[in-house]
Amino acid sequence: GKIIAYDQVDSTNDLAKNLLFQGAEEGAVVLADSQTKGKGRLGRSWYSEPDTGLYFSLILKPTLDQDEIPHLTLMAAVAVVEALNQIDSQNATLKWPNDILLNNRKLGGILSEQVVDGPHPGVVIGIGLNVSQAGFPEDIAGLATSILIETGTHPARYELLINIIRNLYSYYQILLEDNVGLILSHWRQNTRMLGTPILLRHGNRTHSGIAMDLDDDGRLVVHLDSGEEIAFESGEVTLR
Ligand code: BTN
């Protein structure tokens with residue numbers, strides 16, 4: 001695969017979507033040292049301090065059914081968390097659907113965007129990872145963290161990037177070979193949230209219950225305090 005590196009972009013996801021539209025090859029990665037309009041999930045922005053984080057997007061043209069598209073986000077989360085835990089005896093963990101945590105603070109996130117119209121449909125998987133930030137703006141300081149803050153070390157950013165990309169390619173092949181079960185089992189091995197009490201915000205409602213498992217479609221199965229069991233396709237989880 002090809003890595004296209006920029007000093008500064010609005011958002012690597014937006015740029016990757018443009019490149020996809022223009023016919024970029026599958027597996028290409030768009031990387032930037034800084035973003036002026038980094039995007040997070042749910043319309044939020046992604047804090048993208050220059051040179052200290054990894055901000056990149058992977059272009060894919062998967063031959064998957066529509067109901068399998070959410071698997072791409074889960075496989076990306078597994079690729080990232082395992083690359084992190086390979087470089088160090090770090091204990092990065094996953095929070096459904098796509099947060100990477102270190103010591104229960106947010107180290108990274110994934111924003112997958114699907115392009116359905118145009119000549120080249122596909123999916124862009126955007127990954128943001130805090131590596132060497134020494135601190136964060138006040139509004140996210142309590143929630144966000146970096147590898148530097150947690151471990152006191154400056155990891156080699158590009159070495160980490162290469163390891164993540166290598167994992168992404170191999171887990172993507174596994175998905176295409178229809179082995180989502182393997183992705184789900186690796187996801188389960190890298191989370192601490194299953195079996196624990198959570199709050200799940202879905203739309204404008206907040207549900208309280210125990211996170212039980214991922215189902216075969218990657219939904220989060222929650223045993224609600226009311227006794228009901230519901231599988232959520234999306235939502236925002238806080239541990240309680
Ligand atoms: C989230 O947790 O809300 C997802 C954050 C995703 C951030 C990355 S940084 C690289 C890529 N480009 C973007 O604009 N967003 C993603």
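Here the structure is a predicted model, which is why all the values come from computation and not from measurement. (Residues numbered from 1 in each chain as written. Predicted model: local features only at pLDDT ≥ 70, side-chain atom pairs only at ≥ 80, totals over all residues. Heavy atoms only, no water.)

1. A look at the pattern of salt bridges
The cut-off we apply is this: The salt bridge definition used is simple: a Lys or Arg side-chain nitrogen within 4 Å of an Asp or Glu carboxyl oxygen. Secondary structure follows DSSP: runs of H or I at least 4 residues long count as helices, runs of E at least 2 residues long count as strands, and numbering of each begins at the N terminus. Each residue is placed in one exposure class: buried if its accessible area under a 1.4 Å probe, protein chains only, is under 20% of its type's maximum, exposed if it is over 50%, and partly exposed if it falls in between.
Within this structure, the stated rule accounts for twelve salt bridges. The salt bridge involving Arg188 is made with Asp213; its shortest N-O contact spans 2.7 Å. Here Arg188, found in helix α5 (residues 180–189), pairs with Asp213, found in strand β9 (residues 205–214); they are 25 residues apart in sequence, far enough to count as distant. On the basis of relative accessibility, which here comes to 28%, the residue Asp213 falls in the partly exposed class. Here the salt bridges share partners, and the residues they tie into one network are Asp14, Lys17, Lys39 and Glu113.

2. Quick word on the sheet that holds strand β3 (residues 53–60)
This is how the line gets drawn: A pair of strands is considered paired only if DSSP assigns at least 2 bridges between the two. Fitting a line to C-alpha atoms yields each axis, with helices limited to the stretch in contact; the angle taken between N-to-C directions then spans 0 to 180 degrees. Residue contacts are counted whenever heavy atoms from the two residues lie within 4.5 Å of one another.
With mixed pairing, the seven strands of this open sheet are ordered in space as β1-β2-β3-β7-β6-β5-β4. This sheet does not close on itself; its edge strands, each paired only once, are β1 (3–9) and β4 (92–95). Each strand axis lies, on average, 20° off the axis of its neighbour in the sheet, ignoring direction. Sheet contacts for helix α4 (residues 157–176): β1, β2 (29–35), β3 and β7 (122–130); angle to β3, the most-contacted strand, approximately 25°.

3. Observations concerning the domain arrangement of the protein chain
Rules: In this document the domain limits rely on a domain assignment from an automatic tool or a database. Buried surface area refers to the total accessible area, computed with a probe of radius 1.4 Å, that the two partners give up upon joining, counted for both partners together.
The domains assigned to the protein chain are domain 1 (3–189) and domain 2 (197–239). Each of domain 1 and domain 2 has a C-alpha centre, and these two points are 23 Å apart. Between domain 1 and domain 2, the residue contacts involve twelve residues of the former and 16 residues of the latter. Three residues stand out in domain 1 for area buried against domain 2, namely Lys95, Trp96 and Arg188, and they jointly supply 52% of the buried area on that side.

4. Comments concerning the site of the ligand
Threshold: The near set for a molecule or strand comprises every residue that places at least one heavy atom within 4 Å of it. We call two N or O atoms a polar contact when they sit within 3.5 Å, provided that within protein one can donate a hydrogen and the other can accept it, with sequence-adjacent residues counted only if both atoms are side-chain atoms. Shrake-Rupley sampling with a 1.4 Å probe provides the accessible areas, and residues are treated as covered by the protein chains on show and by no other component.
Not every one of the 20 residues close to the ligand is listed here, only the nearest: Ser11, Gln35, Lys39, Arg41 and Lys106. With respect to the ligand, the backbone of Lys39 contributes an N or O atom lying 2.7 Å from an oxygen atom. Between Arg41 and the ligand, the recorded distance is 2.6 Å, taken from a backbone N or O atom to an oxygen atom. For the ligand, whose free accessible area comes to 420 Å², the fraction covered by protein is 98%.

5. Comments concerning the pairing of β9
Two strands pair when backbone bridges link them, and strand β8 (residues 197–202) and β9 are joined in this way by six bridges, in the antiparallel orientation. Its bridge partner being in β9, Leu199 is matched across the sheet by Ser208. In this antiparallel pair of consecutive strands, β8 and β9, the connection spans two residues, and Gly203 shows a positive phi of 65°. Hairpin connection, β9 to strand β10 (residues 220–224): the antiparallel pair is bridged by five residues, and Gly218 has positive phi, about 85°.

6. Looking at the environment of Val80
Summarising the element assignment, Val80 is placed in helix α2 (residues 70–87). C-alpha separation for the pair Val80 and Gly209, spaced 129 residues apart in sequence, amounts to 28 Å. For Val80, the contacting residues outside a window of four places in its chain are Ile100, Ile127, Leu129 and Ile164.

7. Observations regarding unusual backbone geometry
Residue Trp96 is joined to Pro97 through a cis peptide bond whose omega torsion reads 0°. With respect to the secondary-structure elements, Pro97 resides in the loop between β4 and β5 (99–102). Non-glycine residue Asp51 carries a positive phi angle of around 70°. Along the polypeptide, Asp51 turns up in the loop between β2 and β3. A relative accessible area of 44% places Asp51 in the partly exposed class.

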